[in-house]
Amino acid sequence: MTSQPALSTEPAVAYEAATPSELRSLREKKERVNWSGTVILILCTVTVLLPLYVTISMSLKTTEQAVDGNAFSLPAPFSFDGFVEAWNLTKFPVGAGISLLVTAGTVAATIILAAFASYAVVRNWDHRLFRYSFYYLLAAMFIPFPVVALPQIQLTGRVGLDNPFGVILLATMFQLSFSVLLFTAFLRSIPIELEESARIDGANTWQTFWRLIFPLLAPMSATVGIFAFLYAWNDFMMPSLIISDPDLQTLPVRQNLFQNQFSNNYNVAFASYLMAMAPAIIAYLFTQRWVMEGVTQGAVKG
Amino acid sequence: MSTETVVTSGGSKARGTSRRVEPIYYLFLLPSLVLFTLAITVPGIIGIFFSFTDSIGIGEWSFNGLTNYIALFSDPAILQSYLFTIGFSIATVIVVNIAAFLLAVGLTSRIRFKTGLRTIFVIPMVISGIIIAYVFNFLFSNSVPAIASSLGISGLETSILANPDLAWIAIVIVTAWQAIPGTLLIYIAGLLAIPGEVYEAASIDGAGKRQQLWRITVPLVAGYVVINVILGFKNFLNAYDIIVGLTNGGPGTATRSVAITIIQGFNGGDYAYQMANATIFFVVAVLISLLQLSLTRGRNAF
């Protein structure tokens, strides 16, 4: 320990001895920007941006120009006909509304149900029923959707849930395991004293949950919500199998309209793709810090 | 995920004694348990039940014992779908992890435009798999052949999606394109968790950049590699959306994943047979999850 002060003065001595130019180079070395790395990474962004550029430029072309199949040319002239036609053809407002309903429903149901269940489980861990329920709910992480898809298609059809509400129910249940896992881990880190003081002030369990616990869970709810959002908004497999009426399909499923080999209206197809992609991308750009943190937290913990 | 921590940190107080549970906690837990049972457990049991019958999904049926399972094991189409799915998953896991790790190293080094670059690289995560598959479908069938023939590259002048031997490459590319961001974020978290002093100490000891990468960075993120490989593998085994958007299982049956085989078989009237397939797929999923648990146990300190 005695040698430490001596050690720490050494750099200071070195600085004093250094000429100003040496000092500057020292500092630059410390904060030197990795320009070659920057350039390489910027070049790599082409792999991400190129498909997006193609989507945008194709969507702004006229049908005559789009048909030549040159994906990388700029639109000349600019035309919004593709958007108009796509809007009408896919009944965009209806599709967007249903996608929004499915997504909002799944996000809300997942957060509420998982928070409820997690709170009950963590506060009654000493009871076998709650402990086993926890493992039971967690077991769904072992079950991919394709495994139970066929009976679910039949059952939802039989009970009149072959519509967006059936998708909300199933999507929520597939999100539940993971969300309960995140919530219970977080709830265990909340000191019980906090809750006891609320109870001394006369709050019952219901009030404690809504006034104290649920607000405390907010950061985890954001994570759970982001995962549910990305899943529900973008999924194709579940809605395409569960929703039987094509008029009630979500946006991603509606895009199969353009998969007819003989249709050459590429500008319409790409305009439609763009309209379906854009809401999630825009939402992401505004909330990117939360999304990145949430995904990291969720994935590392889960 | 480890059960040890769950038990030790979970109990509120008086573990073992049967404290009376406040009834409202049952109310918190009940909705999840009931809906989960109806939406996942019941369909699962129904599915396994019918895998021992000759049901076509509707109408009369009778038990036929293990006939479906015996037929499955001698069905070349089923074998091919498993081989394709596992091979595709392994290839994609390797591509995704190498690319994401290198990007993470780049994005955590001293580069400029760090936030902007990170934002761009995460965009694919928020885009619907089926829609981006349609976009790439256009690129692979029109743009790539056009470029190849103008540059005189033989072999790529026709769409690789129409080539039974090459179509899987397109699926790997698009799946990786979409899966890299999630993996990347986990690696970034892992790299940021390494204290800077470790690198300082190494460079004082004369370790070069490459040595630091192999001797410090790689070993210290090994745990994250395990997580990423298993999470990725589990996801890719369920591949459906992107394959539907690119090849729909074709040409012929060259790119049929297990999920696609189950769904297309069902649409062709093979209910009981595909339920047996799904049951086996479930066993595979459980085995992989158990492997995950045994590999990540005790590592939840991340």
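Residues numbered from 1 in each chain as written. Chains lettered and ligands numbered in written order. Predicted model: local features only at pLDDT ≥ 70, side-chain atom pairs only at ≥ 80, totals over all residues.

## What to know about the overall build of chain B
So, point 1. Broken down by element type, chain B carries 13 helices and zero strands.
So, point 2. Listing the helices and strands of chain B from first to last along the sequence gives α-α-α-α-α-α-α-α-α-α-α-α-α.
So, point 3. For a compact globule of 302 residues, the expected C-alpha radius of gyration is about 19 Å, and chain B comes in at 24 Å, more than 25% above that figure.
So, point 4. Seen through its C-alpha atoms, chain B measures out along the principal axes to roughly 75 × 75 × 30 Å. (Helix = DSSP H or I, 4+ residues; strand = E, 2+ residues; numbered from the N terminus. Rg over C-alpha atoms; globule rule 2.2 N^0.38 Å.)

## A short note on the nonpolar core
So, point 1. Core analysis: the largest hydrophobic core is formed by 158 residues, its most contacted members being A:Ala117 and B:Ile171.
So, point 2. Mapping this core onto the domain boundaries places at least three of its residues in each of domain 2 (36–79) and domain 3 (86–301) of chain A. (Core = buried A, V, L, I, M, F, W, Y, C linked by C-beta atoms within 7 Å. Buried ≥ 20, exposed ≤ 12 C-beta atoms within 10 Å, placed from the backbone. Domains from an automatic or database assignment.)

## Some remarks on the packing of helix α6 (residues 92–123) of chain A against helix α2 (residues 23–50) of chain B
So, point 1. Contact geometry for α6(A) and α2(B): axes closest at 8 Å, N-to-C directions at 130°. Between α6(A) and α2(B), the angle is such that the two are oblique. The two elements α6(A) and α2(B) cross, and the hand of that crossing is left-handed. Here A:Leu113, A:Phe116, A:Ala117, A:Tyr119, A:Ala120, A:Val121 and A:Arg123 of α6(A) lie close against α2(B), whose contacting residues are B:Tyr25, B:Phe28, B:Leu29, B:Pro31 and B:Ser32.
So, point 2. Here the contact of α6(A) with α2(B) is composed, by residue class, of ten nonpolar, one polar and one charged. (Axes fitted to C-alpha atoms, helices over the stretch in contact; angles between N-to-C directions. Parallel < 35°, antiparallel > 145°, perpendicular 65-115°, else oblique. Left-handed = near helix turned anticlockwise from the far one by under 90°. Contact = placed C-beta atoms within 7 Å. Nonpolar A, V, L, I, M, F, W, Y, C, P; charged D, E, K, R; others polar.)

## Quick notes on helix α10 (residues 222–237) of chain B
For an α-helix the count is 3.6 residues per turn, leaving residues at separations of three or four pointing the same way.
Residues and elements named next belong to chain B.
So, point 1. Between its terminal C-alpha atoms α10 stretches 23 Å, which fits the 22 Å expected from 16 residues at 1.5 Å a residue.
So, point 2. Listing the buried residues of α10 in full gives Tyr224, Ile227, Asn228, Gly232, Phe236 and Leu237.
So, point 3. Contact partners of the buried residues in α10: α4 (76–107), α7 (167–192) and α13 (271–296). (Expected span 1.5 Å × (residues − 1).)

## Comments concerning the domain arrangement of chain A
Residue and element names in this part refer to chain A.
So, point 1. Per the domain assignment, the segments making up chain A are domain 1 (1–32), domain 2 (36–79) and domain 3 (86–301).
So, point 2. For domain 2 and domain 3, the distance between their C-alpha centres works out to 32 Å.
So, point 3. With nine residues of domain 2 at the interface, the matching set in domain 3 holds eight residues.
So, point 4. For the side of domain 2 that touches domain 3, the secondary structure elements donating two or more residues are α3 (35–59) and α4 (63–66).
So, point 5. Examining the composition of the side of domain 2 that touches domain 3, we find that four residues originate from one element, α3, more than from any other.
So, point 6. Residue composition of the side of domain 2 that touches domain 3, grouped by class: four nonpolar, four polar and one charged.

## A short note on unusual backbone geometry
So, point 1. The omega torsion of the bond from A:Ala76 to A:Pro77 falls at -5°, within 30 degrees of zero and hence cis.
So, point 2. Looking at where A:Pro77 falls in the secondary structure, it is placed in the loop between α4 and α5 (81–89).
So, point 3. Of the consecutive residues B:Gly250 and B:Pro251, the connecting peptide bond is found in the cis state with omega at -5°.
So, point 4. As for its position among the elements, B:Pro251 is in the loop between α11 (241–246) and α12 (258–267).
So, point 5. Phi angles above zero are rare outside glycine, and A:Lys91 is one such case at about 50°.

## Details of the environment of A:Ala149
So, point 1. With respect to the secondary-structure elements, A:Ala149 resides in helix α8 (residues 145–158).
So, point 2. When the C-alpha atoms of A:Ala149 and A:Leu241 are compared, they prove to be 8.1 Å apart, with 92 residues separating the residues in sequence.
So, point 3. Contacts of A:Ala149, omitting those with residues within four sequence positions, involve A:Leu241, B:Ile262 and B:Ile263.

## As for the confidence of the model for chain B
Residue and element names in this part refer to chain B.
So, point 1. In the predicted model, chain B carries a mean pLDDT of 86, and the fraction of residues at 70 or more is 92%.
So, point 2. Per-element mean pLDDT across chain B ranges from 40 in helix α1 (residues 3–10) up to 95 in α11.
So, point 3. Predicted confidence for residues 1–16 stays below pLDDT 50, and this span has 20 contacts to residues more than four positions away or in other chains.
So, point 4. This prediction of the complex comes with two scores: 0.87 for pTM and 0.86 for ipTM. (pLDDT = per-residue confidence, 0-100.)

## Things to note about the confidence of the model for chain A
Residue and element names in this part refer to chain A.
So, point 1. Looking at chain A, the pLDDT average stands at 86 and 88% of residues meet or exceed 70.
So, point 2. Of all the helices and strands in chain A, helix α1 (residues 3–17) carries the lowest mean pLDDT, 40, while α6 carries the highest, 96.
So, point 3. Contacts for the low-pLDDT stretch residues 1–17, under 50 throughout, to residues beyond four places or in other chains number one contact.

## Some points on the packing of helix α7 (residues 128–138) of chain A against helix α9 (residues 164–188) of chain A
All names here are of chain A.
So, point 1. Remark: α7 packs on α9, axes separated minimally by 8 Å, with the N-to-C direction vectors making an angle of 135°. Relative to α9, the element α7 lies oblique. In contact with Phe134, Leu137 and Leu138 of α7, α9 contributes Leu176, Ser177, Val180, Leu181 and Thr184.
So, point 2. Partitioning the contact of α7 with α9 into residue classes produces six nonpolar, two polar and no charged.

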